[in-house]
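Each chain, letter by letter, is given below.
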Amino acid sequence: MRSFLVPTAGLTCLLVLATAGCSTGSGGSAEEQQAKGATPSPSVSASASGTAYAPYVSAVEPSDNDTAGSPSTYNLAFVISDGSGCTPEWNGTHAVDDSAVTSRISALKESGATVRVSFGGASGKELGATCSDAAALAEAYGAALDAAGSTQADFDIEGDELTDADSVALRSRAIALLQEERPDLEVSFTLPVMPSGLDEDGLALLKSANKYDVQVSTVNLMTMNYGESYDGDMGAYAITSATAAQAQLKDVFGTSDATAWRAMALTSMLGTNDVANETFTLADAAEVREFAEEKGISWVSMWSTFRDQQCEEGTATDDALTNCSGVEQSPGAFAEAFSG
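Every value quoted in this text rests on a predicted model; they were computed, and no experiment measured them.

## Focus on the overall build of the protein chain
A count of helices and strands for the protein chain gives 11 helices and 13 strands. Buried residues in the protein chain amount to 56% of all 340 residues. Put simply, the protein chain shows about 13,300 Å² of open surface, and 49% of that area lies on carbon and sulfur atoms.

Following this line, the structure appears as structure tokens:
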């Protein structure tokens, strides 16, 4: 997703998939686990009912549309490296404990919503690419989580970081260390998807997480920016992409249909997308929401609350890719559609 910088060898199952037993790299099939007397632990996401609404918001700048749709969780974007080192910063510009940011996060929580710290994004350097070892990387992630008062971590891995096998493995080891220290830490991975499903790099990342015993609550699919060859119904593409990815999750982790759906989240880029022929409409949002509820998908999201408003004609500062949607709408309309 766009950044705010622009105006299996293991002993533990993936957490949300544990209800159906471990993958072959984590101790055997469900039947084998039962034969050994293992009692898998269900995840928080898997035990929750309904499909939540959890939009992406700026951790730095508030939007009048943040609270539209009454989110249950806010995805705080983005924690990245301060440049070339292992110091976490919001968007590479604000310290994680910056008083203005922590005050904003406290305000977001006042409604009772939780906050999920999202690491990575499309711009800057994800900490996994700049930290020297797993312990230092885990410490950097932990510092950001502590500053936000969060027990939920999202890793938005795309671009060069997704194709870098070394940083993928380092990140998996660091997250595993972090979960040893914080057993209640919920982890999600946000990955690009196509109508054919996750690509080889996305699947390799999930296999790496499993190899190092990372307990994953959710795989969040970026249902957006498919490329110039796709110029049809964006809602239909999102559903096709989710269906293909669900089959992949079921295959990779050897789990049931229901659990694979519950291990999924969907994030759409509202309105105008980075690809010129892609426009995600309010009707598409309603279609995705209905589909998510039908399948029992964990949560739906959008990029992002500050774009959930109509652009003002003749206003030079309005940009449909940074601070408005590029479609006709009332403020907060996408949030209302995604929240059902």
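## So, the packing of helix H8 (residues 234–253) against helix H10 (residues 282–295)
Between H8 and H10, whose axes approach to 8 Å, the crossing angle comes to 30°. When the interaxial angle is binned, H8 and H10 end up roughly parallel. Here H8 and H10 pass one another in a crossing that is right-handed. When H8 is examined against H10, the residues Met-234, Gly-235, Ala-236, Ala-238, Ile-239, Ala-242 and Thr-243 are found in contact with a partner set consisting of Asp-284, Glu-287, Val-288 and Phe-291.

## Focus on the packing of helix H6 (residues 165–181) against helix H7 (residues 200–211)
Relative orientation of the contacting elements H6 and H7 amounts to 35°, with a least axis distance of 9 Å. At the point where H6 passes H7, the crossing takes the right-handed sense. Side by side, H6 and H7 meet where Val-168, Ala-169, Arg-171 and Ser-172 of the first sit next to Leu-205, Ser-208 and Ala-209 of the second. Partitioning the contact of H6 with H7 into residue classes produces four nonpolar, two polar and one charged.

## What about the nonpolar core?
The tendency in soluble globular proteins is for nonpolar side chains to be buried as a group. Ranked by internal contacts, the top residues of the largest apolar core, which has 78 residues, are Trp-90, Phe-119 and Phe-189. Dropping the residues within four chain positions of it, Trp-90 is found in contact with Ala-59, Val-60, Leu-76, Ala-77, Phe-78, Val-79, Ala-95, Val-96, Val-101, Ile-105 and Val-117. Counting nine residues, the second largest nonpolar core, distinct from the first, contains Met-1, Ala-77, Phe-78 and Trp-303.

## Some thoughts on H8
The terminal C-alpha atoms of H8, which comprises 20 residues, lie 28 Å apart, in line with the 28 Å expected from a rise of 1.5 Å per residue. Capping the start of H8, Asp-233 holds a side-chain oxygen 2.8 Å from the backbone nitrogen of Gly-235, two or three residues further along. Residue Gly-254 follows H8 closely and has a positive phi angle near 60°.

## Some details on the environment of Gly-112
Mapped onto the fold, Gly-112 is located in the loop between helix H3 (99–109) and strand E6 (114–120). Accessibility expressed as a relative area gives 62% for Gly-112, which makes it exposed. Each C-alpha atom of the pair Gly-112 and Pro-71 lies 9.4 Å from the other, and the pair is 41 residues apart in sequence.

## Comments concerning the state of the cysteines
Taken as a whole, this structure holds two disulfides when the rule is applied. Between the sulfur atoms of Cys-86 and its disulfide mate Cys-131 the distance is 1.9 Å. Negative torsions about the S-S bond denote left-handed disulfides, and the value of about 95° found for Cys-86 with Cys-131 makes this one right-handed. Here Cys-86 is found in the loop between strand E3 (73–81) and strand E4 (88–90), whereas its partner Cys-131 is found in the loop between E6 and helix H4 (134–148), with 45 residues between them in sequence. Judged by its relative accessible area of 6%, Cys-131 is buried. Between the sulfur atoms of Cys-311 and its disulfide mate Cys-324 the distance is 2.0 Å. One quick way to see it: the torsion about the S-S bond of Cys-311 and Cys-324 is about 90°, and its sign makes the bridge right-handed. On the criterion of sequence distance, the pair formed by Cys-311 in the loop between strand E13 (299–303) and helix H11 (333–339) and Cys-324 in the loop between E13 and H11 is long-range, its members being 13 residues apart. Exposure remark for Cys-311: the relative accessible area of 21% places this residue in the partly exposed category.

## Describing the pairing of strand E9 (residues 218–223)
Among the six residues in E9, six count as buried, and that is most of the element. Of the two faces of E9, both are covered, the one formed by Thr-218, Asn-220 and Met-222 as well as the one formed by Val-219, Leu-221 and Thr-223. Summarising the sheet, strand E8 (residues 186–192) and E9 pair through five bridges and their orientation is parallel. By the bridge assignment for E9, Phe-189 is matched with Val-219. In this fold, E8 hands off to H7, which returns the chain to E9; that crossover is right-handed. For E9 and strand E10 (residues 264–269), the ladder comprises five bridges, and the chain directions are parallel. Opposite Asn-220, over in E10, you have Ala-265 as the bridge partner.

Rules and cut-offs
Residue positions are given per chain, counting from 1 as you read along its sequence in written order. Local features in a predicted model are, by the rule used here, given only for residues with pLDDT of at least 70; side-chain atom pairs are given and counted only at 80 or more, and totals for whole chains, interfaces and linings are based on all residues. To obtain the side-chain values, all non-hydrogen atoms of the structure were included, while hydrogens and water were left out. Think of it this way: any DSSP run of H or I at least four residues long counts as a helix, any run of E at least two long counts as a strand, and we number them from the N terminus. Burial status follows relative accessibility: with a 1.4 Å probe on protein chains alone, a residue under 20% of its type maximum counts as buried, one over 50% as exposed, and anything between as partly exposed. Surface accessibility follows the Shrake-Rupley procedure with a 1.4 Å probe radius. Residue values consider only the protein chains on display as shielding. Working convention: axes come from line fits to C-alpha atoms, limited for helices to the stretch in contact. Angles between N-to-C directions cover 0 to 180 degrees. Oblique is the label for every angle not falling under 35 degrees (roughly parallel), over 145 degrees (roughly antiparallel), or within 65 to 115 degrees (roughly perpendicular). Crossing handedness follows the turn of the near helix against the far one: under a right angle anticlockwise gives a left-handed crossing, and clockwise gives a right-handed one. Contacts between residues were defined by any pair of non-hydrogen atoms, one from each residue, lying within 4.5 Å. Polar here means any residue other than Ala, Val, Leu, Ile, Met, Phe, Trp, Tyr, Cys and Pro, which are nonpolar, and Asp, Glu, Lys and Arg, which are charged; Gly is therefore polar. Residues belong to a common nonpolar core when they are buried Ala, Val, Leu, Ile, Met, Phe, Trp, Tyr or Cys residues joined through side-chain atoms within 4.5 Å. Helices are assigned an expected span. That span is 1.5 Å times one less than the residue count. Counting of polar contacts relies on pairs of N or O atoms within 3.5 Å, with two restrictions inside protein: one atom must be capable of donating a hydrogen and the other of accepting it, and residues adjacent in sequence are counted only when both atoms are side-chain atoms. Cysteine sulfur pairs qualify as disulfides if the two atoms are within 2.5 Å. By this definition, two strands are paired if DSSP reports at least two bridges between them. We call a crossover right-handed when, viewed with the strands running away from us, the connection from the first strand over the helix to the second turns clockwise.

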